[in-house]
Each structure stands twice: as structure tokens, then as C-alpha cells.
Amino acid sequence: EAIRLTRSERFIDATKAFKNLIRNNPSDGDIYYYFGDNYLQNYFSDTATISFREMADSATAIFQKGVQMEPSNPLNYVGLGEIALIQKQSAEAQKLYGKATSLLPSKTNKTSTLTPEKHAAVLVRMASGYIKAGINDTAQVFAWLRAAEKLNNKDYDLYIVRGDAYIFLLNDGSRAIQNYNMAQYLNPKSPMARLRIGQLWMRARNYKDALNDYYEVIKIDSTFAPAYKELGF
């Protein structure tokens, strides 16, 4: 529910939800990661008026707390790495992503208790960090996504991020929409994939189909703020 509130751009409500979750589960690193990501998503929702420094500072503090509370969880290193990527601190980002990778199950790390689903989610978030930061390393991004698909091919977030990679890194709308459609198929109650399809039509200046998709988003979730923002545009 807290993640849904973030994706709905209801950032204050999401903050309250994450604080309640941490109060009840103070050692769960996943919560800190998605709480920190709430601040980064706030920035990305309106980069023209929202201060990156303010949001990044808040996110960094939460990611660092997540590392402290559950040092074996790679997600908060991914969050810190994403902030470094956005700031063009390539060496620091690679160090943090490397730390996250070292905590994943592997031949050299047989003590990890991450499930295949959580392992896949970490790889997806790493790829997403590159895309959001505009790092056009498609070989690395798609390698992470292929590995994630082998671990969990039912993760609809994987297909949203891969769709993002195709459109934002390769400008390939056809491949992007294939992945967004797969995400919609796997999770028909999620408004995110349908929103992405509408945004693709907007890029193609096919406003009629874009409007239809945005109205479909509202049918799925009438509280999903990004749909109303896109309708306004």
C-alpha cells in the first residue's frame, strides 16, 4: 500500500505509511529502500520545481539507516548508487552497485538468504537506476533484466522497467509497448503499465489513444494522480 501511494504521487501519505511500517518492522531493509525511493520519486514527479538536493538528502539518510539496520540487504546500496549516478559520481556509483552485487546469491556468496523473487527485484532496481539517471549502458541494463527474468518472469515491474529501457535508451516504441502490455497482462489491476502505454501514444502524438488509455487508468484506480496530470497535458 505504501508503494502504491508513492506511485500515485501521494508522497505525504506514503511517508506516513512508511514511518508506520518502520515503527513495526525496524530491521526490514526493504522498507527503508522503498521509503527512500519515495523521496526520489517525489523529485522525478516535478524536476522543474522540486529540489533534487533536498529529496536526495532525505533519501540518503533513509538508505543509510537501512544499511545500518539490515546490512545484508542489497537494496539500500542500490538506492545510494542511484543517487550517485544522478549526481554523475560514476566511481562512487560503481562502488555502491558493486557492494549490492556482492550481497546477491552467487557461487562466491552462498550465505545469502534472498529468494529468487527478491534477487530479481534487486536487479530490476539496479537497471531502473541507470535508466532514471540517463546512463545509456544498454548492455549492462539488459543483462540485469535478462538475469531478473530468469529468476522471476512473473514480476510485472521487470517489464515496465524493460519497456522504459527500450523507449528512453533506444527510442524503440514497438519493443516498449510489448513490455508494457506484458506488465498489464501480469498485473491488470496496476495502473502503471496502462499509464506508460498512454505516455507512448503521447510521444507519438496520437492523442486520441493516449486519452483512451489515461481514462482506462482512472477506471483501474481513480486515485492515481499521474493519470490526471497526463490528462491535463
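So, a few notes on the structure that sits alongside this text. None of these values were measured; they are calculated from a predicted model.

Attention now goes to the overall build of the protein. Secondary structure summary: the protein contains 13 helices and zero strands in total. Listed N to C, the secondary structure of the protein is α-α-α-α-α-α-α-α-α-α-α-α-α in terms of helices and strands. Taking 233 residues into account, the globule formula puts the C-alpha radius of gyration at 17 Å, and the protein, at 17 Å, falls close to it. With the principal axes as the frame, the protein shows a C-alpha extent of 50 × 35 × 30 Å.

Helix length check: helix H7 (residues 116-132) (17 residues) gives 24 Å between terminal C-alpha atoms against 24 Å at 1.5 Å per residue, within 8%. Most of H7 is tucked away, with twelve of its 17 residues classed as buried. Among the residues of H7, His-119, Ala-120, Val-122, Leu-123, Val-124, Arg-125, Met-126, Ala-127, Ser-128, Gly-129, Tyr-130 and Ile-131 are the ones counted as buried. In this structure, the buried side of H7 is in contact with helix H3 (29-45), helix H5 (75-86), helix H6 (90-102), helix H8 (138-151) and helix H9 (156-169). Looking at the residues trailing H7, positive phi occurs at Gly-134, about 70°.

The end-to-end C-alpha distance of helix H2 (residues 11-24) is 20 Å, a good match for the 20 Å that 14 residues give at a rise of 1.5 Å each. Lining the buried residues of H2 we find helix H1 (2-7) and H3.

This part is about the packing of H9 against helix H11 (residues 191-203). Helix-helix packing: each pair is described by the crossing angle between the helix axes and the interaxial distance. At their nearest, the axes of H9 and H11 sit 11 Å apart, and the two run at 15° to each other. Here H9 is positioned roughly parallel relative to H11, judged by the angle of their axes. Crossing of H9 against H11: the hand is left-handed. Note on element contacts: H11 touches H9 through Met-192, Ala-193, Arg-196, Leu-200 and Arg-203, opposite Ile-160, Asp-164, Ile-167 and Phe-168. Residue classes in the contact of H9 with H11 are distributed as six nonpolar, no polar and three charged.

To continue, consider the side chain of Gln-184. Relative to the assigned elements, Gln-184 resides in helix H10 (residues 173-186). A relative accessible area of 10% places Gln-184 in the buried class. Excluding residues within four positions of it along the chain, Gln-184 makes contact with Ser-190, Ala-193, Arg-194 and Ile-220.

A complete count under the given rule lists twelve salt bridges for this structure. For Arg-7, the salt bridge goes to Asp-157, with nearest N and O atoms at 2.8 Å. Note that Arg-7 is positioned in helix H1 and Asp-157 in helix H9, a separation of 150 residues in sequence. Given a relative accessible area of 23%, Arg-7 falls into the partly exposed group. The class of Asp-157 is buried, set by a relative accessible area of 18%. Here Arg-10 ties to Asp-13 by a salt bridge, and the two come within 3.4 Å at their closest N and O atoms. When its relative accessible area of 30% is taken as the criterion, Arg-10 is described as partly exposed. If you follow the salt bridges from partner to partner, you end up with Glu-1, Arg-4 and Asp-221 in one network.

Cut-offs used in this document
- Residues numbered from 1 in each chain as written.
- Predicted model: local features only at pLDDT ≥ 70, side-chain atom pairs only at ≥ 80, totals over all residues.
- Heavy atoms only, no water.
- Helix = DSSP H or I, 4+ residues; strand = E, 2+ residues; numbered from the N terminus.
- Rg over C-alpha atoms; globule rule 2.2 N^0.38 Å.
- Expected span 1.5 Å × (residues − 1).
- Buried < 20%, exposed > 50% of the residue type's maximum accessible area, 1.4 Å probe, protein only.
- Contact = heavy atoms within 4.5 Å.
- Axes fitted to C-alpha atoms, helices over the stretch in contact; angles between N-to-C directions.
- Parallel < 35°, antiparallel > 145°, perpendicular 65-115°, else oblique.
- Left-handed = near helix turned anticlockwise from the far one by under 90°.
- Nonpolar A, V, L, I, M, F, W, Y, C, P; charged D, E, K, R; others polar.
- Salt bridge = Lys/Arg side-chain N within 4 Å of Asp/Glu carboxyl O.

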